[in-house]
Amino acid sequence: MMGLTPNDLIVLALCIPLFTAAGIFLADKNPNVREGITLVGSVLLFITIVALTPHILDGERPNLKLIEILPGLEISFTVEPLGMIFALVAATLWPINSLYSIGYMRTNNERKQTRFYIFFAIALSSVMAIAFAGNLLTLFIFYEVLTLSTYPLVTHAGTEKARNAGRVYLGILISTSIGLLLPAIIWVWYAAGTTDFKAGGILTGQISGPLLTLLAALFIFGIGKAAVMPTHRWLPAAMVAPTPVSALLHAVAVVKAGVFSVVKVVAYIFGLDLLATAPGIEWLLYIACFTVVAASIVALQQDNLKKRLAYSTISQLSYVVMGAMILAPLSLIGAALHIAVHAFGKITLFFAAGSIYTASKKTNVSQLNGIGRRMPWTMTAFSIGALSMIALPPAAGFLSKWYLLLGASQQQQYIAMAVIVMSTLLNAAYFVPVIYAAFLKTEDPVQERDHKEAPLPMVVALTMTAAATLLLFLFPGLALELAKAVGVPV
Amino acid sequence: MMSLDLYNYWVVIFLMMAGFYMLIASNHLIRKIIGLNIFQTSVFMLYISLGKVAGGTAPIAAEGIDTYSNPLPHVLILTAIVVGISTTSLALALVIRIKESYDTVQEDEILELDSIADEEGS
Amino acid sequence: MINEHLPALQVVVPLLAAPICFLIPNKRLSWLFATLVSWLSFAMAILLVIAVNDGTILHYEFGGWAPPWGIEYKVDIFNSYVLLIVTAIGAAVFPYSWKSIQKEIPETHHRIYFTAMLLCLAGLLGMTITGDAFNLFVLLEISSLSSYTLISLGRDRRALTASFQYLIMGTIGATFILIGVGLLYALTGTLNMADLASRIPALEGSRTLEAAFAFLILGFGLKLAMFPLHLWLPNAYSYAPSSVSAFIGATATKVAIYALLRFLYTVFGSSFSFDYMQVHWLLMPLAIASFMFASIVAIFQDGIKRLLAYSSVAQIGYILLGISLVNVTGLTAALLHMFNHALMKGGLFLALGAIAYRIGSTRVQSIAGIGQAMPYTMAAFVIGSLSLIGVPLTVGFISKWYLILATLEKGYWPLTVLIIISSLLAVVYTWRVIETAYFQERPAGAPAVKEAPLSLLIPTWVVILANLYFGINSSLSTDLASHAALLLFGGSLL
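Residues numbered from 1 in each chain as written. Chains lettered and ligands numbered in written order. Predicted model: local features only at pLDDT ≥ 70, side-chain atom pairs only at ≥ 80, totals over all residues. Heavy atoms only, no water.

This brings us to the UniProt feature "domain: NADH:quinone oxidoreductase/Mrp antiporter transmembrane" (unreviewed entry) in chain A. When the UniProt feature table is mapped to this numbering, "domain: NADH:quinone oxidoreductase/Mrp antiporter transmembrane" (unreviewed entry) covers residues 133-426 of chain A. Overall, residues 133-426 of chain A shows 75% helix and 0% strand. The separation of its end C-alpha atoms is 36 Å. (UniProt positions renumbered as here; feature names shortened; annotations may be inferred. Helix = DSSP H or I, 4+ residues; strand = E, 2+ residues; numbered from the N terminus.)

Turning our attention to the arrangement of the chains. Considering every one of the two pairs of chains in contact, the largest contact total is recorded for chains B and C. At the C-alpha level, the nearest point of chain A lies 24 Å from chain B, with no contact between them. (Contact = heavy atoms within 4.5 Å.)

Below, the discussion takes up unusual backbone geometry. The omega torsion across A:Met229 and A:Pro230 is 5 degrees, close enough to zero to call that bond cis. Residue C:Pro228 is bonded to the preceding C:Phe227 through a cis peptide linkage, with omega at -5 degrees. Topologically, C:Pro228 is positioned in the loop between helix H8 (207-223) and helix H9 (232-239). Not every positive phi belongs to a glycine, and A:Gln412 is a case in point at roughly 55 degrees. Here A:Gln412 lies in the loop between helix H16 (397-410) and helix H17 (414-440). Exposure remark for A:Gln412: the relative accessible area of 53% places this residue in the exposed category. We note that B:Asp103 has phi near 65 degrees; this positive angle belongs to a residue other than glycine. For B:Asp103, the position within the fold is in the loop between helix H4 (71-102) and helix H5 (107-120). B:Asp103 sits in the exposed class, given a relative accessible area of 61%. (Buried < 20%, exposed > 50% of the residue type's maximum accessible area, 1.4 Å probe, protein only.)

Contacts between chain B and chain C engage 38 residues on the former and 28 residues on the latter. For the chain B and chain C pair, buried surface summed over both sides reaches about 3100 Å², with 76% attributable to carbon and sulfur atoms. Counting the surface chain B buries against chain C, the share from its top three residues, B:Tyr47, B:Leu90 and B:Leu94, is 17%. At the junction of chain B with chain C, the criterion picks out zero salt bridges. (Buried area = accessible area lost by both parts, 1.4 Å probe. Salt bridge = Lys/Arg side-chain N within 4 Å of Asp/Glu carboxyl O.)

Right, let's get into a nonpolar patch on the surface. Taken together, the side chains of B:Tyr7, B:Trp10, B:Val11, B:Ile13, B:Met17 and B:Met45 define a hydrophobic patch exposed on the protein surface, amounting to about 630 Å² of accessible area. Judged by relative accessible area, which is 38%, B:Val11 ranks as partly exposed. (Patch = residues over 30% accessible without salt bridge, like charges linked within 9 Å, V, L, I, M, F, W, Y side chains within 5 Å. Areas by Shrake-Rupley, 256 points an atom, 1.4 Å probe, with all protein chains shown as cover.)

Attention now goes to the interface of chain C and chain A. Across the boundary between the two partners, chain C contributes 23 residues, which contact 26 residues of chain A. Taking both sides of the interface into account, the surface hidden between chain C and chain A amounts to around 2200 Å²; carbon and sulfur atoms contribute 78%. When residues of chain C are sorted by the area they lose upon contact with chain A, C:Trp401, C:Ile420 and C:Phe439 head the list and together hold 27% of the total. Put simply, chain C and chain A have one salt bridge between them. A salt bridge links A:Arg167 to C:Glu435; its shortest N-O distance comes to 2.8 Å. Remark: the boundary between chain C and chain A carries three residue pairs in polar contact (both at pLDDT 80 or more). Listed by contribution, the elements that provide at least two residues to the side of chain C that touches chain A are helix H17 (395-410), helix H18 (413-439) and helix H19 (454-472) of chain C. For the side of chain C that touches chain A, the element with the most residues is H17(C), which contributes eight residues. When the residues that make up the side of chain C that touches chain A are grouped by side-chain class, the tally is 16 nonpolar, four polar and three charged. (Polar contact = N/O pair within 3.5 Å; in protein donor to acceptor, adjacent residues only side chain to side chain. Nonpolar A, V, L, I, M, F, W, Y, C, P; charged D, E, K, R; others polar.)

Shown next, in the form of structure tokens:
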């Protein structure tokens, strides 16, 4: 990667997934070549993103202008620390997830695998574009591309049930984004004459008072991907998708695109100081708090493992929104960190759920008694992921919650602090019984099938993400350094 | 009396309303066309009466004639009459085709046939 | 030399070509001839746009009779822009027609088809270019009569009743226009638009003038399918042959809107139309009703053509809304949408014609599963739909953006909300089609479907790519539209 300027790297990051998609299309007839292309493409993307990181740490903010649609409205890309964190997370997990997908899709004999890999690659390309978006318009365009490109993945099964779930998925994501997010963007453009992301915000002196609160509400509910209640219904619906999709897209890429956008808007469009002057802004924080608690309580009642994980995701996403809406620099660090931390933890949990399904065809929590002895690797990884969700050391979840708490106490947001503590207990309440049942209960006497661990690629993948969750706790330097630079002018 | 001075307008308005009524109220396609024709004719009358100058003769440049009617509206309305004839003939041609394929020229019956076809999903 | 006569040739060439086309015995030759003429018209329109782009106004006096006695043709930025829209769509539809009508129109009628299309083109161009109010009526009737003929050529017998219905409504509209023009003549003794414009301000307050105004608004409202006078349109578009739907759907209503604007701004003048008659308070509620009502109705349609027809009514609502805002941005949005809607609806109808060519039906249910079988056609349809919704990078976004800006400039933010809601409705009605095509299986036993032939795909894609090109590089169309809007408001250029 020597000799490439940061701008070249941005172009590469956007194009590599697209070329991968084209390669997959051409290799339709030969599954081994096809999967090879996916792996090579994902590793190349990872290398590209890693090569870009030092530039950002050095304080560079490479900027790439593509086209100007109307005066002041352009498609442009700028890399800043928050986007870097998001891109790094997605690019790290794509190769691992590809490895896992190969095991999952082949063992379960899924249909139309070529289409699956193509749309996966396109989704990754739009994730990169969202991470590097230089203004709201660019963000919006690729936000919609991401929605549309993941639709075929959600409805992959092709059944009536999958199609109905797909309708809920599209219906909520499209209607919130066009109905609320787009007007918010137009409003910003109308007020500020630009939609560029700028550290410290662009709205100071343009909008003030209650209108600011209204605009913030439009953004928070308009970004449906952040799944703040009541816009969260699409996420449980999306669980009909094959598990690798739920793992990478609905625990990492799509949902993180949502909370990433929220944090980005708070830090780079409003600016913390301006938003703090908005009357009643704390109500948006309370809605996020409510989502954290309510989703945890719903998760407690779910027997289907993937549904339980989905509601857990909704609750964890609102941590990030909380982190942004506490409006303290420390909690913003927590929010940025949580994007990375939750990604590694949750993908591990989904990998585990998929590997349980692949090996045993079991989908419900109540069926998992004693499964830890048959699948020790999977369930150990599951436990590490769960620890991270609960935020116990030595899992990485502890780090981000620590910063959230620090920020909340600094701002004297006692409700937020209480919610963090309460939801930690709730997280424990819905994850610990699973671990307990898996390792300590005896197996039900009647077993439909005799099984061991899931196929090797899947086990390797989930071991890697579980290990990453621990490593992120032990060596948080890079993530922390990036998170601390979020929203700080260079 | 002023309103009687403008009796040509009253004639035009009467014709127009009669034609319009026939056009809307009639169920028979041919009658609709006749209504349309009366409606159009009323407008022709409007134009022609506009061109009339009191005491004027036909606009022929001859000795001893110094007031004559304005010829322009008459010329214009010749064009409009041609347009009207084309419209009528096209409408009649359509009615013939409709009669051939529906075997009726009553609007309600045609609508009924169409709604049957709709239900059959053709 | 030839440049001098361009304004006349623009109309005369297709008008004279029509009878010649009918006399050519060979079908293929008559098609080639008609296509050539349509391209020639397009070239002339481009030349005219270039000629007037710096703000000059071309005058052409027929037979050397100086206005106000003779008929004058007049080209400025505004109508050259409309000429460009009409001829561009014509240049795409004519080559497309050859294949498209093979299956939709009996062979014996092919020559009639091309003749009528040329007449319709000539009529629309003439309406746009003429500077004479009565001449406008005559050319309006030429284009209308030929479009009644074209619609009646549809395969379904309901095309005949649709055509008849359109004929009745269209003639009522045209007669209203004739009455309006007649009253204006009675008041001023002139038919030349520029001459009328100079005499009307003195007549403000005259009851006859108000009546003329009302008749003209009503007449053009009928022709451009303004809610609730739109009832003829869905049937006419649904049962016409596909290429006719594409041509008329993209151009005829646009020209009627042009004529309305010409009367509102040039003939009556904006101070009479808006300050005195307050016509925008009539147009605005009707415009809102158009795009809300028609978008909702479109959701429940079984036939895709009818769905697109209702969507056209909705899009006309956007254009009228832009006009009724009475500011430069709103008028720019309206003019832009005239151009952009022609591109999107033209592209969609052309794609739909390619589908009809292969599967013989345009009902939503009958296209189940053709996404894989006709990838290029359906991709074109998807891009056209995105444009209709107003997704960034398509032309639909550009016009909606200007429209929303115009509502914000006026401070009418509830209108902004309504525009966005109706865009969401557009998502719903186009999504039904796309979902059926891509995510439902072809019913068992349905005949295999192949991709449409190139002679249909190329014109479709040219129009669709124009949707993207003018959505990304919008400076050409926005400059033209905003200059034309400034011109109508009487502002100075550049």
